[in-house]
Amino acid sequence: MDVRRRLPSKPAASERKPTPSTARVQASDALPLPIRHTNKIFSALFMAALYFLMCRWREKVRTSTPLHLLTLSEIFAFVSLVASLIYLISFFGITYVQSSIPSNEDEIDDEVVVNDRHFPPALNAPSTSPPPPPCPLLVDTSDAKIPSFCPDDNDDEIVRSVVSGKTPSYILESKLGDCRRAAGVRREVLRRITGSAMQGLPLDGFDYQSILGQCCEMPVGYVTLPVGIAGPLALDGRIYYLPMATTEGCLVASTNRGCKAISVSGGAESVVLRDGMTRAPVVRFGSAKRAADLKFFLEDPSNSDTLALVFNRSSRFAKLQGIQCALAGKNVYMRFSCSTGDAMGMNMVSKGVQNVLDYLQDDFPDMEVLSVSGNFCSDKKPSAVNWIEGRGKSVVCEAIIKEEVVTKVLKTSVPALVELNTLKNLAGSAVAGALGGFNAHASNIVSAIFIATGQDPAQNVESSHCITMMEVVNDGKDLHISVTMPSIEVGTVGGGTQLAAQAACLDLLGVKGSNLESPGANSRLLATIIAGAVLAGELSLMSALASGQLVRSHMKYNRSSRDITQAAAAAVAAVRNPSEKTKSQ
């Protein structure tokens, strides 16, 4: 901590002599010498044009000629007058404004400066005891204090600079110009600080440039996840193979069995009921009456076109669908809903909301905007509003499973499945007080496909809202199964969908990128595929539970036969003595 005290004595203003280091710097100092001639030219032009126009207007008044009838010379003189006036005001205005702003030397006297914070002499400076050093990986240092280094510098020197706190970790990419090298330097910094080498975390083999500024900050490696393929799934007359990134054994195999049962029974069908992303800011007024006035204004049909015009300025894909308001005293929660094309759309809808808030400030100047998100959206949290009103894509998917397929493929019976679904997914979830959780394991399938296709895994919370229904059809022979998912939040552009691995999985499903012919079609198709995959997963797991196969299958396929103790000991030995590992290979 640097503590500097100003000298108590200060010479009078008349006694101060500017020196090369302390002289006031004027904005006009940067102007070249010929600017003096320009000033004279514009000054003369201003006086000449003014004199000419005054003479002409005097003559017109004397001869009763209309003043608005201008000759070519009068137009030229008027333009010259305006141009020279603008120049003179802008030029001499700089000096006037600058002279009216006092410098630090004029205003700060006898002050204590601690860590660049100024304290008047009448106040006691804070304690000068050294605080704990900040983490070098998170230290926030202004560019003026960052030591300069070139990309050719030795990595060890850069590492020492980051560890000492002189160089913040987050600028390595921009300073080095090499994202992979920046990740390696940051990894070494982490090793020296924590003592952990993180040898199991891969560093090479990843395109760090692709995540810069959009997916992850300050990377030190990447996590590998196995991706399995379930299918084929027959859905809406097409065949899909489902990429699922998971570490849970039996999940892909179980979903694959459900896909088989659906496909051999004629396939599944899906319908997108609704497509609209939401964002709900919260604002505050001085009274509940004023809050109600805003609610009535927003919900008035006569204002909808104007609000939509203001909202839609944020993007050519953003189309406002409606605004739902809720009051809590003098606080107003406004739930905006809009279409977002093939993007998941959180940023898009947030920009549109900000446009409307700025517009409303004119008619409601007493409105205090507290947050662009007031949790009435509701994002990444289970909520009744998403369960009832929907968010993102609302999808229903159904299939009729033939009796012989239930018996031969699923190893159970139709009545057993219907009874179990009623007692488990409906009654059991009600006993538990579930909110949107009237299903067996929709979250399993949603999470696996989300990770594989570059979706936001945290939005699995509301995207897994699902109710599974089963009933007997066709004279009690076959099984009708459906899943209704009101808030699947997915996109095929932006975010993690641009990464190579995730883009490959989207391409496998035929939904990569934006649909140019029908914006939003790819994201809606992805939502229906996820609903179809959930349908398959629900069918297979419920069958395993009804037949008592769940525990047996997990014991058989989800239990490693490797001796974990010996494997761990071998790994430790390999780390301590790499040469022995090489000899053994």
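Quantities reported herein were computed from a predicted structural model and do not represent experimental measurements. (Residues numbered from 1 in each chain as written. Predicted model: local features only at pLDDT ≥ 70, side-chain atom pairs only at ≥ 80, totals over all residues. Heavy atoms only, no water.)

Chemist: Can you walk me through the packing of aromatic side chains in this structure?
Modeler: How two aromatic rings sit relative to each other is given by the distance of their centres and the angle of their planes. Taken as a whole and assessed by the stated rule, the structure comprises 6 aromatic pairs. Between F206 and Y222 the ring centres are 5.2 Å apart and the planes differ by 20°, which places this aromatic pair in the stacked class. Linking F206 in the loop between α6 (179–194) and β4 (227–235) with Y222 in the loop between α6 and β4, this pair joins segments that are 16 residues apart in sequence. For F206, a relative accessible area of 31% puts it in the partly exposed group. Taking the centre distance of 5.6 Å and the plane angle of 70° together, the rings of F297 and F364 count as edge-to-face. (Phe/Tyr/Trp six-rings, centres within 6.5 Å; stacked < 30°, edge-to-face > 60°. Helix = DSSP H or I, 4+ residues; strand = E, 2+ residues; numbered from the N terminus. Buried < 20%, exposed > 50% of the residue type's maximum accessible area, 1.4 Å probe, protein only.)

Chemist: Hey, could you run me through the nonpolar core in this one?
Modeler: Proteins that are soluble and globular tend to have nonpolar side chains buried together. One finds L242, I262, I401, I530, V534 and L539 to be the most contacted residues of the largest nonpolar core, which totals 52 residues. A per-element tally of this core places helix α17 (residues 521–547) first, with 12 residues. (Core = buried A, V, L, I, M, F, W, Y, C linked by side-chain atoms within 4.5 Å.)

Chemist: Just checking my understanding: could you explain the pattern of salt bridges for this structure?
Modeler: A side chain with one charge may pair with a side chain of the opposite charge, provided their charged atoms come close. Summed over all chains, the structure comprises 19 salt bridges. E188 is the salt-bridge partner of R191, the closest N and O atoms lying 2.5 Å from each other. Highlighted residues: R191 and E188, both in helix α6, separated by 3 residues, approximately one helical turn. In this structure, the salt-bridge partner of E489 is R391, at a minimum N-O distance of 2.9 Å. In this pair, E489 is assigned in the loop between β14 (478–488) and α16 (500–509) and R391 in the loop between α11 (384–389) and β11 (392–401), connecting sequence segments 98 residues apart. Accessibility expressed as a relative area gives 0% for E489, which makes it buried. Here the salt bridges do not stand alone but share partners, grouping D156, R160, E188, R191 and R192 into one network. (Salt bridge = Lys/Arg side-chain N within 4 Å of Asp/Glu carboxyl O.)

Chemist: Which parts of the structure should I look at to understand helix α4 (residues 155–163)?
Modeler: Given 3.6 residues to a turn, an α-helix orients residues that are three or four positions apart in the same direction. Taken together, the buried positions of α4 are I158, V159, S161 and V162. All buried residues of α4 project into a common sector of 160° when viewed along the axis, lining one side. Where the residues of α4 are buried, they touch α5 (172–176) and α6. Measuring from the side-chain oxygen of the N-cap residue of α4 to the backbone nitrogen of D156 gives 2.7 Å; that N-cap residue is N154. Immediately beyond the C-terminal end of α4, within one or two residues, lies G165, with a positive phi of roughly 90°. (Arc of directions from axis to C-beta. Contact = heavy atoms within 4.5 Å. Polar contact = N/O pair within 3.5 Å; in protein donor to acceptor, adjacent residues only side chain to side chain.)

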